[in-house]
Amino acid sequence: MFTQLVHAHPSAKLPLPSPLYTVRPSTPPIFKHQFTPNSRTQFFFLQHHHQKLRPFIRCAANSEGVGGNKLNWEKWVPRNFLAADKVFRWISEATSSPIGQYISSPTTFLHSVDSRIKLAWLLVLVVLPARSHISVRFGLVIFLALLSMWMQPKQVWVDQLGRVTLLSGILFIMLGLGTDSAPSLVFSRTPPPSILGLPNLPTSLEGYSYVIMKFGPLQLTRKGLSTASTSACLTFTIFQSASLCLTSTTPEQLAFALQWFIHPLKHLGLPVAEIILTLLLSLRFITLVFDEVRNVALGIVSRRINWQLLTTMETVDVFFTYIRRIFRNIFSHSEQISQAMIARGFRGDCNSHKLFLSAGTSSAMANILSLLCLVGLIGAATWSKYLLS
Amino acid sequence: MNQSSLAAVSTFKLPVLPIPHSHPSRNCGNIDNLAIECHNMCYSITTKQGRLKPILKDCSLSIPSGQLWMLLGPNGSGKSTLLKIFAGLLNPNEGFLRVKKPRSFVFQNPDHQVVMPTVKDDVAFGLSKFNLTYDEIRSRVARALDAVGMYDYLQRPVQTLSGGQKQRVAIAGALAEACKVLLLDELTTFLDEADQVGVIKAVKNTLASSEEITALWVTHRLEELEYADGAVYMEEGKVIMHGDASSIMDFIEARQAAYIKQIYS
């Protein structure tokens, strides 16, 4: 690495604007940091005059020269990764559709399965990864990934699987390497066997080893692998099975299935009607919240705030204003919706205002097949604990 | 706007228009022929400072059954408040009011009106208060969606619809309740021209299918007046005039012309 001192005039790099170019801004800015069309040019001239005699110190990563742009490692370092303008732009450009919304066409095998069976599948997929052998866990992940590819449109599963796999992968690595790598701060009060005069535990004749792999100070142990596989597989199955269920079932069918399952609890005083109406309103409200988050961010982006002139506290203040505005708008929406519900005859009593939910049309063949698969999966997971361990 | 032009607008002399021949007050004998009727109605709110602020002042109007009427006026003139009083969402402080029942209200923003996640279940939401069988509900939902040209969207999630389609679903929800009075609050504000015409035609078709349904439509768009049978013009909480649509159109255009003339003089 070398350092080269270059007494360079900035005008050697930056072309001077045409003398015909008008520098004076046409209108004064309304806000303190608002973008004005000519302010950038004005700023350039300011810099141009102030930096006239300042020397440039140019650094290069290796000996291939000052102009070796290809080897300049600096460009690979992410800059302004969490810059405020990028965050708002990213939010404003995000889709307004919530993740995992119902896709009415093309109609797939999952569309023709009864919503109650799908809900039972969801429950089983939440319980199984924690209670089964590691091979069953990974088998479930592969099964769900293949099912998603088969059932969902390509743009949906690519997006969904990518995100869930990334999340599960991060979880797997962090938990796998982190479970036994960090030294325990709590020491055992039992003295080691050598002090007690006992022989050390014999090494396994079958090649058993608690530590599976070592990566410098980090190590992957059997306990780490178990914890990591359970957490990562559980995360994957929860997200992916929920996505599969939501894309192939209407909210009303889901509400019907839930109502069918929790209806017996009505006798124990569970407010079933309230829970179902709340679920349906929440499913409707999610889209409004997404829209509001996006629209308010779009409003901020369209103001063209010059973020570089803001202090950290001022940027934080803008974020708080953003959050405050979202909440205010959401509460306003809630008020309007409640007024609309009153206008449509809802008087606050869920029992008298009956919602007519239906299971929708389902195929008997698809129902039987999915039930058999479910029973088979539970049986396989149960036996795997005894046969494979 | 400068002070002189403001004064010119406020002192502009209102023409006294004749009551149209179709207007029921000409043959006032049959009261059942009126879907909405109010006399000397006032509505005021109490401000945070405890002062009484009048919103509607001495409003009187009557709208015959089976017609589409428009309610026009500048922002803050009390149109939406008047509509909410007709819907029973607000109570007037004074005056006489009679509105045929059942009545339905369709809000300006369809996102507020459509409360269920899919189209068919939203249309069925308002029917829950009636004691109907499941088949009856299904047939009513189908008929209402067919009337607004949305039958093919029966299973669609609401968030996948355009603004105009949502607005038509909201109207279908009101129609499914077999209402006699449809109160429509600025339905076309967020819509483009194609959706605007689609929604107006949906309402007109509904009215054509039954002589009993009456619609009162709040709007700012003058071009919508050509679809109306009659109109009401409001300003500063008062009903300035009501009558047939062409007279109201002439009146508003005359005001606009006078205002423009005042600006350029």
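As annotated in an unreviewed UniProt entry, chain B carries the name ABC transporter domain-containing protein and comes from Cinchona calisaya.

Naming follows an unreviewed UniProt entry, where chain A appears as Protein ABCI12, chloroplastic of Cinchona calisaya. In its Subcellular location (unreviewed entry) section, UniProt records this for chain A: "Membrane".

Next up on the list: helix α11 (residues 364-387) of chain A. All names here are of chain A. The terminal C-alpha atoms of α11 lie 34 Å apart, and with 24 residues this matches the ideal 34 Å at 1.5 Å per residue to within 8%. Within α11, the full set of buried residues consists of A366, N367, S370, L374, L377, A381 and S384. Residues of α11 that are buried sit in contact with α3 (115-131) and α4 (134-151).

Residues and elements named next belong to chain B. In space, the 6 strands of this open sheet follow the order β5-β6-β7-β3-β8-β9, with mixed pairing throughout. Edge strands, defined here as strands with exactly one partner in the open sheet, are β5 (103-106) and β9 (238-244). Direction aside, the axes of adjacent strands within the sheet are offset by 15° on average. In this structure, strand β6 (residues 181-185) lies alongside strand β7 (residues 214-218), joined through 5 bridges in parallel fashion. Note on β7: the bridge partner recorded for L182 is A215. The strands touched by helix α2 (residues 79-87) within the sheet are β3 (68-72), β5, β6, β7 and β8 (230-235), with β6 carrying the most contacts at an inclination of about 150°.

Attention now moves to the nonpolar core. Residue and element names in this part refer to chain B. With 48 residues, the main nonpolar core has L72, L182, W217 and L225 as its most contacted residues. Considering every element that reaches this core, the biggest residue donor is helix α6 (residues 163-176), with 7 residues. Each of two domains, domain 1 (34-101 + 180-191 + 213-265) and domain 2 (107-179), supplies a minimum of three residues to this core. Filtering out sequence-adjacent residues up to four positions away, L225 remains in contact with M70, L72, A231, A245, I248 and M249. Listed in part, the 28 residues of the second largest apolar core include I36, Y43, L183 and L216.

Turning next to empty space enclosed by the protein. All chains considered together, the criterion is met by 3 cavities of 30 Å³ or more. In this structure, the largest cavity occupies an estimated 70 Å³ of space. Lining the largest cavity are I103, P106, T108, L110, H111, M151, Q152, P153, L244, T247 and S248 of chain A. A total of 3 residues in the lining of the largest cavity trace back to one element, the largest contributor, which is helix α7 (residues 222-248) of chain A. The residue makeup of the lining of the largest cavity, split by class, is 6 nonpolar, 5 polar and no charged. Here the second largest cavity is characterised by a volume of approximately 60 Å³. Lining the second largest cavity we find E252, L280, K354, L355, F356 and L357 of chain A together with M116, D121, A124, F125 and S128 of chain B. In terms of residue count, the dominant contributor to the lining of the second largest cavity is helix α4 (residues 119-125) of chain B (3 residues). Classifying every residue of the lining of the second largest cavity by side-chain character gives 7 nonpolar, 1 polar and 3 charged.

Where like charges cluster on the molecular surface, the positive patch consists of R303, R324, R325 and R328 of chain A. One can find R328 of chain A in helix α10 (residues 312-343).

Let's shift gears to the sheet that holds strand β4 (residues 94-99) of chain B. Residue and element names in this part refer to chain B. Spatial strand order, β2-β1-β4: 3 strands in an open sheet with antiparallel pairing. Edge positions in the open sheet fall to β2 (52-64) and β4, since each of these has one partner strand only. Direction aside, neighbouring strands of the sheet carry axes that sit 20° apart on average. Pairing between strand β1 (residues 34-46) and β4: 5 bridges, direction antiparallel. When the bridges of β4 are listed, C42 appears paired with E94. On the sheet, α2 packs against β1, β2 and β4 and is oriented at approximately 115° with respect to β1.

Under the definition given, this model contains 11 salt bridges over all chains. Among the charged side chains, a network of salt bridges with common partners joins R284 of chain A together with D111 and K166 of chain B.

Attention now goes to the interface of chain A and chain B. In this assembly, 31 residues from chain A lie in contact with 32 residues from chain B. Summed over both partners, the interface of chain A with chain B comes to about 2,800 Å²; 60% of that surface belongs to carbon and sulfur atoms. Three residues, R284, R344 and F356 of chain A, lead the burial of chain A against chain B; their summed loss comes to 32% of the area buried on that side. Here R344 of chain A makes a salt bridge to D122 of chain B, at a shortest N to O gap of 3.2 Å.

What counts and what doesn't
- Residues numbered from 1 in each chain as written.
- Chains lettered and ligands numbered in written order.
- Predicted model: local features only at pLDDT ≥ 70, side-chain atom pairs only at ≥ 80, totals over all residues.
- Heavy atoms only, no water.
- UniProt positions renumbered as here; feature names shortened; annotations may be inferred.
- Helix = DSSP H or I, 4+ residues; strand = E, 2+ residues; numbered from the N terminus.
- Expected span 1.5 Å × (residues − 1).
- Buried < 20%, exposed > 50% of the residue type's maximum accessible area, 1.4 Å probe, protein only.
- Contact = heavy atoms within 4.5 Å.
- Pairing = 2+ DSSP bridges.
- Axes fitted to C-alpha atoms, helices over the stretch in contact; angles between N-to-C directions.
- Core = buried A, V, L, I, M, F, W, Y, C linked by side-chain atoms within 4.5 Å.
- Domains from an automatic or database assignment.
- 1 Å grid on protein atoms, 1.4 Å probe; cavity = no way out; pocket = protein on both sides within 12 Å on 5 of 7 lines; lining within 4 Å.
- Points joined across faces, edges and corners; volume = space filled by probe spheres on them.
- Nonpolar A, V, L, I, M, F, W, Y, C, P; charged D, E, K, R; others polar.
- Patch = residues over 30% accessible without salt bridge, like charges linked within 9 Å, V, L, I, M, F, W, Y side chains within 5 Å.
- Areas by Shrake-Rupley, 256 points an atom, 1.4 Å probe, with all protein chains shown as cover.
- Salt bridge = Lys/Arg side-chain N within 4 Å of Asp/Glu carboxyl O.
- Lys, Arg positive; Asp, Glu negative; His and termini not counted.
- Charge placed at Lys NZ, Arg CZ, Asp CG, Glu CD.
- Buried area = accessible area lost by both parts, 1.4 Å probe.

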